[in-house]
Amino acid sequence: MRSTVLCFSGLDPSGGAGLQADIEAIGQSGAHAAIACTALTIQNSQQVFGFEATSKELLLAQANAVVKDLPIRCVKSGMLGTTDNISALAQFLGEHPDYLYVLDPVLVANSGGSLGDQATLVQAFKSLIPLATVITPNTIELRALTGLNDIHEATQALFQMGAQAVLVKGGHEDTPDHILNTLYVHGEIVSETRCPRLDGEFHGSGCSLASFIAGRLAQGDQIKQAVHHAETWLFGVLENAETPVVNGQKIPKRF
Ligand code: PLP
């Protein structure tokens, strides 16, 4: 059976982000996706209207059920929603130290809507940082996690918290014609990828990138290789993204 990525992620009914993005991206990477659902959100491509989080017990029960019969190599987390769910994931990872782990520190949707209480999530994420093989913050999340404005200093602060590798995604920076992603491993820059900035906003681009990385890691790629594969794949997916009937964020066309 294909190597499996177990995703801790929420349902986005628009299908752009969350667990659907994870399933599609991991499938495209060549791996199999399994899901422990953290929350049901109410949202469309324009706005988040609310969410209901899964209980810690239900979340762990889902994860523990599939551990028994799937070849899990990597865990990926996106929206976790509550500090209880974050501590459940920390407990789960503690019981499976051999799993690789991609931490996408989701705090808000790209549309700006809340996916949990930001202050408490930021505190709780600190327990997951040392467990991650790679962390994939955008610059809003990076600044929120560290309280620092300068990107390089903020990234170094993540390493002081125990991070092993960090992919800083530059999509929210004021670079009108390009986006710069920077990969740090053990505090050092190991690669910088610059791609043209595409028109519009995208729903689920971060989920897709982190999940594709997780899928490639599960199949044996090293971090730098996994990130490059994922960036190349995501650019094509976003070039082909579809505009909803109203003018919301574009939905990535992952296959
Ligand atoms: N997870 C869920 C369930 C979401 O609804 C969202 C955004 O709406 C995200 C994660 C993060 O999405 P993005 O990849 O756009 O940052």
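Conventions used here
- Residues numbered from 1 in each chain as written.
- Predicted model: local features only at pLDDT ≥ 70, side-chain atom pairs only at ≥ 80, totals over all residues.
- Heavy atoms only, no water.
- Salt bridge = Lys/Arg side-chain N within 4 Å of Asp/Glu carboxyl O.
- Helix = DSSP H or I, 4+ residues; strand = E, 2+ residues; numbered from the N terminus.
- Buried < 20%, exposed > 50% of the residue type's maximum accessible area, 1.4 Å probe, protein only.
- UniProt positions renumbered as here; feature names shortened; annotations may be inferred.
- Near = heavy atom within 4 Å.
- Polar contact = N/O pair within 3.5 Å; in protein donor to acceptor, adjacent residues only side chain to side chain.
- Areas by Shrake-Rupley, 256 points an atom, 1.4 Å probe, with all protein chains shown as cover.
- Nonpolar A, V, L, I, M, F, W, Y, C, P; charged D, E, K, R; others polar.
- Expected span 1.5 Å × (residues − 1).

Looking at an unreviewed UniProt entry, the protein chain carries the name hydroxymethylpyrimidine kinase, with the source organism given as Acinetobacter nectaris CIP 110549.

Draft legend 1. Examining the pattern of salt bridges more closely. Scanning the entire structure with this criterion turns up five salt bridges. In this structure, Asp-221 and Arg-216 form a salt bridge, with 3.0 Å as the shortest nitrogen-oxygen distance.

Draft legend 2. Representation of unusual backbone geometry in the model. Notably, His-186 is not glycine yet its phi reads approximately 45°, a positive angle. One can find His-186 in the loop between β8 (178–185) and β9 (188–196). Note on His-186: relative accessible area 60%, which makes it exposed.

Draft legend 3. Focus on the UniProt feature "domain: Pyridoxamine kinase/Phosphomethylpyrimidine kinase" (unreviewed entry) in the protein chain. Taking the numbering used here, the UniProt-annotated feature "domain: Pyridoxamine kinase/Phosphomethylpyrimidine kinase" (unreviewed entry) corresponds to residues 12–241. Helix makes up 41% of residues 12–241 and strand 22%, with an end-to-end C-alpha separation of 17 Å.

Draft legend 4. A look at the site of the ligand. Surveying the vicinity of the ligand reveals 15 residues, the closest of which are Gln-43, Asn-110, Gly-204, Gly-206 and Cys-207. Contact between the ligand and Gly-204: an oxygen atom at 2.9 Å from a main-chain N or O atom of the residue. Backbone polar atom of Gly-206 to an oxygen atom of the ligand: 2.9 Å apart, as the coordinates give it. For the ligand, the protein covers 98% of the area, taking 390 Å² as the surface of the free molecule. Residue contributions to the shell around the ligand peak at three residues, all from helix α7 (residues 205–218). The residue inventory of the shell around the ligand, partitioned by class, reads six nonpolar, eight polar and one charged.

Draft legend 5. Broad picture of α7. For α7, spanning 14 residues, the distance from its first C-alpha to its last is 20 Å, which sits close to the expected 20 Å at 1.5 Å a residue. Among the 14 residues in α7, 14 count as buried, and that is most of the element. Phi for Gly-220, located one or two positions after α7, is positive at around 105°.

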